Amino acid sequence: MIDVNIKGVLHGIAAVLPTMREQQSGHIINLSSTSGYQVSPTSAVYAATKFAVRAISEGLRLEESVTSGIRSTLIAPGLTKTELFDSITSPEVQAIANQISGLGISPNSIARAIAFAINEPDDTLISEIMVRPTALA
């Protein structure tokens, strides 16, 4: 989780930031989770990685938006219907997942939130969007 959720975000930013700085524009979208705002039982490490993504995104916004015109948006999905449920190995977590998996939102909802942030004019920054399923709000 640390390699993908934290280091992956940092590597992605490092890959695009020099070009964006050179052109004085760009938009970096980072995906966090509602777990980046609140820790749940059995998800402390996952939540910690998502808190880190939130901090990285906020730091990026503070460091780059005014000086170089690079926008940074954090998208924080709640429960989403993905293949993640297929990889759960803990019986207690799998039992919880089985109860709530049908309540998740479509990945298309997350895509629409990303499109909304990207399509705002250059003088507008959507810094964070939290997207939750209605059934679990």
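The rules behind each value
Residues numbered from 1 in each chain as written. Predicted model: local features only at pLDDT ≥ 70, side-chain atom pairs only at ≥ 80, totals over all residues. Heavy atoms only, no water. Pairing = 2+ DSSP bridges. Helix = DSSP H or I, 4+ residues; strand = E, 2+ residues; numbered from the N terminus. Axes fitted to C-alpha atoms, helices over the stretch in contact; angles between N-to-C directions. Parallel < 35°, antiparallel > 145°, perpendicular 65-115°, else oblique. Left-handed = near helix turned anticlockwise from the far one by under 90°. Contact = heavy atoms within 4.5 Å. Buried < 20%, exposed > 50% of the residue type's maximum accessible area, 1.4 Å probe, protein only.

Trainee: Outline the sheet that holds strand E1 (residues 26–31), listing residues and values.
Mentor: A sheet is described by the order of its strands in space; here three strands give the open sequence E1-E2-E3, paired in parallel fashion. Bordering the open sheet on either side are E1 and strand E3 (128–131), each of which pairs with just one other strand. Averaged over all neighbouring strand pairs, the angle between strand axes comes to 20 degrees, with direction disregarded. With six bridges joining them, E1 and strand E2 (residues 70–77) adopt parallel strand pairing.

Trainee: Explain the packing of helix H1 (residues 2–23) against helix H2 (residues 44–68) residue by residue, including any values.
Mentor: Following both chains from N to C, one finds H1 and H2 inclined at 15 degrees, their axes separated by 9 Å at the closest point. Viewed along their axes, H1 and H2 adopt a mutual orientation that is roughly parallel. Every pair of crossing elements has a handedness; the one defined by H1 and H2 is right-handed. Here H1 contributes Ile 2, Asn 5, Ile 6, Val 9, Leu 10, Ile 13, Leu 17 and Arg 21 to the contact with H2, which in turn contributes Tyr 46, Thr 49, Lys 50, Ala 52, Val 53, Ile 56, Leu 60 and Glu 64.

Trainee: Break down the environment of Gly 12 for me, citing the residues and quoting the values.
Mentor: Summarising the element assignment, Gly 12 is placed in helix H1. When its relative accessible area of 34% is taken as the criterion, Gly 12 is described as partly exposed.

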